[in-house]
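# Breakdown of the fold
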Amino acid sequence: MERLATNGTNPRSTASIAGHPIHPMLIPFPIACFVGALITDIVYWRTAEMMWSTFSAWLLTVGLAVGAVAAVFGLIDFLGSRAIRAQGAAWAHMIGNILVLGLSLINAFVHSRDAWTSVVPTGLILSAVVVLILLFTGWMGWAMVYRHRVGVSP
Amino acid sequence: MTRLALLCASLLVLAGCQEESFDIQSQIGPDPVLPEPQQYLLPPMKIAKVVGWAQGEKPNVASGLKVEALATGLESPRNLLVLPNGDVLVVESRGPNLEPTTRPKDLIMGWIMSYAHGEGSGGNRITLLRDTNGDGVPDVRTVFLDNLFSPFGVALVGQDLYVANTDAIIRYPYVPDETKISSPGTKLTDLPGGPIDHHWTKSLVASPDGSKLYVGVGSNSNITENGMEAEKGRAAIWEVDRASGRSRIFASGLRNPNGLTFEPQTGALWAVINERDELGPNLVPDYMTSVRENGFYGWPYSYYGQHLDPRVMPQRPDLVATAIVPDYALSSHVAPLGMAFSTGDSLPPAYRGGAFVGEHGSWDRYHFNGYKVVFVPFKDGRPNGKAQDVVTGFLNEKEDARGRPVGVAIDKSGALLIADDTGGVVWRVTSAQ
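Right, let's walk through the structure included here. (Residues numbered from 1 in each chain as written. Chains lettered and ligands numbered in written order. Predicted model: local features only at pLDDT ≥ 70, side-chain atom pairs only at ≥ 80, totals over all residues.)

This part is about the overall build of chain A. Helix and strand counts for chain A come out as six helices and two strands. Taken from N to C terminus, the helices and strands of chain A fall in the order β-β-α-α-α-α-α-α. Principal-axis analysis of the C-alpha atoms places the extent of chain A at approximately 60 × 30 × 20 Å. Residues classed as buried in chain A amount to 44% of the 154 residues present. Counting only contacts in chain A whose residues sit at least 6 apart along the sequence, the fraction spanning at least 24 positions is 75%. (Helix = DSSP H or I, 4+ residues; strand = E, 2+ residues; numbered from the N terminus. Buried ≥ 20, exposed ≤ 12 C-beta atoms within 10 Å, placed from the backbone. Contact = placed C-beta atoms within 7 Å.)

Here the focus is the overall build of chain B. A tally of regular secondary structure across chain B gives three helices and 29 strands. For 433 residues, the compact-globule estimate of 2.2 N^0.38 gives 22 Å, and the C-alpha radius of gyration of chain B, at 21 Å, lies within 12% of that figure. For chain B, the spread of C-alpha atoms along the three principal axes comes to 65 × 50 × 45 Å. Residues counted as buried form 48% of the 433 residues belonging to chain B. Of the contacts formed within chain B by residues at least 6 apart in sequence, a portion of 61% connects residues at least 24 apart. (Rg over C-alpha atoms; globule rule 2.2 N^0.38 Å.)

V90, V215, I237 and V426 of chain B are the most contacted members of the largest nonpolar core, which has 95 residues in total. Apart from the residues within four sequence positions on either side, V426 of chain B is in contact with L70, A71, L74, P77, L80, V90, L417, I418 and A419 of chain B. I22, L60, L64 and F73 of chain A belong to the second-largest nonpolar core, a separate cluster that totals 20 residues. (Core = buried A, V, L, I, M, F, W, Y, C linked by C-beta atoms within 7 Å.)

Residues and elements named next belong to chain B. W299 connects to P300 through a cis peptide bond whose omega is 0 degrees. Here P300 lies in the loop between strand 18 (285–290) and strand 19 (302–303). Following M313, the chain continues to P314 via a peptide bond in cis, the omega torsion being -5 degrees. Tracing the sequence through the fold places P314 in the loop between strand 20 (307–308) and helix 3 (317–320). Although it is not a glycine, D177 sits at a positive phi angle of roughly 75 degrees. Position of D177 among the secondary structure elements: in the loop between strand 10 (168–173) and strand 11 (186–190). Of the residues examined, D177 has 10 C-beta atoms within 10 Å and is grouped as exposed. In this model, Y371 sits at a positive phi of 55 degrees, which is unusual for a non-glycine residue.

Functional significance is not addressed by these values, which are geometric in nature.
Here is the structure:
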């Protein structure tokens with residue numbers, strides 16, 4: 001991939017505090033929550049112990065809530081910088097993560113069902129698909145920072 | 001996201017259409033039509049706003065009947081017992097509120113349900129109404145028993161009055177014609193109460209010979225979502241020995257049994273059962289049934305015999321194979337909570353031989369169902385014919401709830417009494433002549 005930053009300046013994050021972009025501060029929460037929901041879904045599938053399905057429901061809820069806030073700041077960065085919008089990785093990252101939030105919202109409704117079918121099979125499949133997409137969108141996000149220096153100080 | 005919203009909206013519309021085209025009458029009777037179970041992202045829901053009865057407003061009654069308020073201004077009256085001297089005990093009761101917020105869904109459901117039940121915090125007592133001169137207007141109204149713990153069932157055997165609180169049966173000495181009991185009472189036996197206590201009403205009836213008490217103990221969840229450990233001793237009718245307090249499970253697999261009463265002709269125990277939610281607007285029909293000793297009626301594993309519930313894991317094919325098909329479906333989500341067999345002959349002849357059922361009304365379908373008292377005719381101790389509307393109009397024309405019927409009873413004169421918890425009224429239905 002070619003370096004898109006020109007004239008020696010890095011693409012700037014619009015939503016930042018004292019030069020620290022807000023978006024990357026928040027994204028560990030949805031990532032950990034959605035990965036955790038997959039794990040607790042798997043444990044519920046194997047044990048049929050309701051506690052694990054309950055954990056999944058909360059993890060999805062918190063992941064969605066913080067993920068939505070992270071998305072807002074991510075979108076501000078995206079719209080606030082032509083240099084960011086010029087990156088293919090940024091588009092892939094954004095579209096993938098919108099998909100992640102959309103699927104997780106559906107997944108949260110699936111998890112609001114009672115007992116076995118709150119997880120098996122639809123919830124479990126959605127949780128797994130979301131984690132697979134996250135691997136890709138995470139990779140794209142890292143590419144934006146570690147390769148294209150988005151939000152990195154000059 | 002727009003596409004998702006559109007998808008959700010079209011799913012809702014589809015579900016609504018399907019519900020509309022379904023003939024509710026096909027689920028009233030011994031052999032209900034059962035559609036395929038459905039699972040939702042957002043299950044259908046429609047809650048009636050509580051407005052109460054304006055001055056002078058009354059429910060509608062079938063022709064040949066008239067209705068008057070026997071008492072108003074009660075705190076959530078849910079159940080009734082007519083004493084041998086004609087006094088009426090009104091059980092005013094509130095749920096114990098022990099259910100924790102376990103899932104994100106509980107936050108939302110708690111908010112929605114508070115909308116359906118309205119405001120208020122009083123009650124948990126029994127009020128006595130006495131009509132000395134028989135004009136249908138009580139001239140004595142006293143607090144008969146106070147400081148009870150979410151009471152529901154009440155039964156009298158000789159001079160022993162039993163009150164089923166949500167967590168125990170308490171015995172009180174009853175002196176005929178007394179208007180108040182001040183004795184603290186004696187505990188006969190514990191019942192499954194908290195933790196959780198999802199279905200908390202404990203319906204109570206004494207066997208005709210007075211030796212046993214039968215108690216309805218509802219499930220601790222919709223469909224095991226609180227774990228199977230929480231269901232120990234629940235979704236069952238208990239038989240309690242009156243002398244020793246010893247108890248056993250008389251029948252099981254009954255999700256939320258209420259209105260326990262003995263059919264006068266055959267002496268069989270009958271109950272009305274609230275079936276499971278969130279499988280669709282027309283599934284599963286609530287029902288009334290005679291209750292067989294040691295019978296298993298399906299919950300949670302199956303409904304109406306061997307129809308498996310996909311939400312229960314692990315399944316129990318051994319139990320499902322024995323599941324009894326109930327006697328008479330009342331249609332889906334009507335929420336029957338009271339039943340009384342028609343005795344006496346002061347009501348028109350059409351109401352002799354049969355059971356009145358109080359249907360509290362639906363919340364989990366787009367079109368309201370229930371919110372009325374129906375009469376199921378009986379012949380030779382079995383249901384015989386379609387349920388007929390007897391008292392309606394608990395919803396007004398805007399579909400707001402003026403009241404909701406719960407317990408029903410026949411008073412000493414043969415009139416039908418109805419406890420209306422939302423309206424705070426006891427209604428008395430008599431012959432129009």
